[in-house]
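One-letter residues, chain by chain:
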Amino acid sequence: MRIDQHSVLYAVIGHPLGHTLSPVMHNRAFEATGENAVYMAFETDRLADALNGMRALGIRGCSVTLPFKTAVMPLLDDIDPLARAIGAVNTIVNRGGRLAGYNTDAAGALAAVREVMEPSGRRVVILGAGGAARAAGFALKEAGASLTIANRTPEKGKALALALNATFAPIDDLRGLPADLLIQATPVGMHPRQERCPLDEALIQAPVVMELIYNPRETRLLEIARRKGAAVIPGLRMFIHQGAAQFRLWTGKEPPLEAMEAAVLAALEHP
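Parameters and conventions
Residues numbered from 1 in each chain as written. Predicted model: local features only at pLDDT ≥ 70, side-chain atom pairs only at ≥ 80, totals over all residues. Heavy atoms only, no water. Pairing = 2+ DSSP bridges. Helix = DSSP H or I, 4+ residues; strand = E, 2+ residues; numbered from the N terminus. Contact = heavy atoms within 4.5 Å. Axes fitted to C-alpha atoms, helices over the stretch in contact; angles between N-to-C directions. Buried < 20%, exposed > 50% of the residue type's maximum accessible area, 1.4 Å probe, protein only. Parallel < 35°, antiparallel > 145°, perpendicular 65-115°, else oblique. Left-handed = near helix turned anticlockwise from the far one by under 90°. Nonpolar A, V, L, I, M, F, W, Y, C, P; charged D, E, K, R; others polar. Core = buried A, V, L, I, M, F, W, Y, C linked by side-chain atoms within 4.5 Å. Arc of directions from axis to C-beta. Salt bridge = Lys/Arg side-chain N within 4 Å of Asp/Glu carboxyl O. 1 Å grid on protein atoms, 1.4 Å probe; cavity = no way out; pocket = protein on both sides within 12 Å on 5 of 7 lines; lining within 4 Å. Points joined across faces, edges and corners; volume = space filled by probe spheres on them.

**Looking at the sheet that holds strand 2 (residues 37–43)**
Either a parallel or an antiparallel arrangement is found when strands of a sheet pair, and the pairing is made through backbone hydrogen bonds.
Here is step 1: Read across the sheet, six strands follow the order 2-1-3-5-6-4 without closing on themselves; strand pairing throughout is mixed. Because the sheet does not close on itself, it has two edges, and the strands there are strand 2 and strand 4 (78–79).
Here is step 2: The sheet contact formed by strand 4 and strand 6 (residues 98–102) spans two bridges and is parallel. Looking at the pairing, aspartate 78 lines up with alanine 100 of strand 6.
Here is step 3: Running at roughly 5° to strand 5 (residues 91–95), helix 8 (residues 235–251) makes contact with strand 1 (8–14), strand 2, strand 3 (61–64), strand 5 and strand 6 of the sheet.

Set out below in structure tokens:
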């Protein structure tokens, strides 16, 4: 990888960012495709200042992660209709100082699910009510799935269920609730607190369990689900697919999926 006066800068903004492997993934993609570009991690709690800096410094594109996926929307110049419908942005494209927001989490989640099952007609329980849960829920609802939102804070869970035309269930009511797919969309179990699990073992009953956390690669939830005989979809699959969609938006090129996955796997195995 070369870095010179012509290099294009990309970044991820959020807080905290100690877990992120987006720089590993995207820098490998740039290298594999010959893009003269570099991707950095900027941890900040000053969102508006970060976007002004993006405009002033000509940062060409940006990933947006926790806790900014919804808060960033009023600060952008343009928002893609899909991102507006979802109510969350995870990708920004800088076009001559105008910042346009997109959501690639939805496409990433749907692509990851379709590697294992077709969601049309399936009963899906989503644990969580944040930006990632909203994006995954929107994509699966559009694909014909029937959704139930489960969340420890009823107000947030009910609000998301209403927005997605889904049902709401308290966490304790998941026992015995029929589901073809369980999607874990909370930060519980993320590095460095990977020993945590968001559900009691008795509540992990679906035949397919999907995790949206990708670091660690095997969360406590997935470990339990495998032991109980479920098929699992690691968060790495959604992470790679949403990153591929970002790469297309930023460069107009097809992403090198195998190289991106290999880079992230290597980083997870040798942190």
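**Here we look at the environment of proline 216**
Here is step 1: In this structure, proline 216 sits in the loop between strand 11 (208–211) and helix 7 (220–227).
Here is step 2: Judged by relative accessible area, proline 216 falls into the buried class, the value being 15%.
Here is step 3: Those residues in contact with proline 216 that sit more than four places away from it in its chain are Gly189, Met190, His191 and Gln194.

**Some remarks on the packing of helix 1 (residues 22–33) against helix 9 (residues 257–269)**
Here is step 1: The contact between helix 1 and helix 9 brings their axes to 8 Å, and the two run at 140°. Taken together, the axis directions place helix 1 and helix 9 in an arrangement best described as oblique. The handedness of the crossing between helix 1 and helix 9 is right-handed. The segment helix 1 lies against helix 9, with Val24, Met25, Arg28, Ala29 and Ala32 engaging Ala259, Met260, Ala263, Val264 and Ala267.
Here is step 2: Its residues assigned to classes, the contact of helix 1 with helix 9 comprises nine nonpolar, no polar and one charged.

**Some details on the nonpolar core**
Here is step 1: By size, the foremost hydrophobic cluster in this structure holds 33 residues, and its most contacted members are Val124, Ile126, Leu140, Leu147, Leu181, Ile183 and Met210.
Here is step 2: Among the elements of the structure, helix 4 (105–114), strand 7 (123–127), helix 5 (131–142), strand 8 (146–150), helix 6 (154–163), strand 10 (181–184) and strand 11 are those that each provide at least two residues to this core.
Here is step 3: Ranked by residues supplied to this core, first place goes to helix 5 with six residues.
Here is step 4: Contact partners of leucine 181, with chain neighbours within four places excluded, come to Val113, Met117, Arg123, Val124, Val125, Ala206, Val208, Val209, Met210 and Ile233.
Here is step 5: Leu21, Tyr102, Ile240 and Phe247 belong to the second largest nonpolar core, which has 24 residues in total.

**Here we look at helix 6**
Here is step 1: Buried within helix 6 we find Gly157, Leu160 and Ala161. What you see down the axis of helix 6 is that its buried residues fit within an arc of 100°, all on one side. For helix 6, the exposed residues set more than 90 degrees away from the buried face come down to Glu155, Leu162 and Ala163.
Here is step 2: Its buried side turned inward, helix 6 meets helix 5, strand 8 and strand 9 (167–169).

**As for the pattern of salt bridges**
Here is step 1: Under the criterion given, the structure shown has 15 salt bridges.
Here is step 2: The salt bridge partner of aspartate 77 is arginine 55, with a shortest N-O separation of 3.2 Å. With a gap of 22 residues between them, aspartate 77 in the loop between strand 3 and strand 4 and arginine 55 in helix 2 (residues 47–57) connect regions that are remote in the sequence.
Here is step 3: Exposure remark for aspartate 77: the relative accessible area of 32% places this residue in the partly exposed category.
Here is step 4: One salt bridge connects arginine 98 with aspartate 78, and the closest N-O pair in it is separated by 3.0 Å. Highlighted residues: arginine 98 in strand 6 and aspartate 78 in strand 4, separated in sequence by 20 residues.
Here is step 5: You can call arginine 98 partly exposed: its relative accessible area is 43%.

**Some thoughts on the layout of surface pockets**
Empty space among the atoms can be located by rolling a probe the size of a water molecule over them.
Here is step 1: By volume, the largest pocket amounts to about 790 Å³.
Here is step 2: When residues of the lining of the largest pocket are traced back to their parent elements, those giving at least two are strand 3, helix 5 and helix 8.
Here is step 3: Per-element accounting of the lining of the largest pocket gives the leading share, four residues, to helix 8.
Here is step 4: The residue makeup of the lining of the largest pocket, split by class, is 18 nonpolar, 15 polar and four charged.

**With respect to the packing of helix 1 against helix 8**
Here is step 1: One can describe the packing of helix 1 onto helix 8 by two numbers: an axis separation of 11 Å at closest approach and a directional angle of 50°. By the criterion of interaxial angle, the relationship of helix 1 to helix 8 is oblique. Seen from above, helix 1 lies across helix 8 with right-handed handedness. Across the interface between the two elements, Ser22, Met25, His26, Ala29, Phe30 and Thr33 of helix 1 pack against Phe239, Ile240, Gln242, Gly243, Gln246, Phe247, Trp250 and Thr251 of helix 8.

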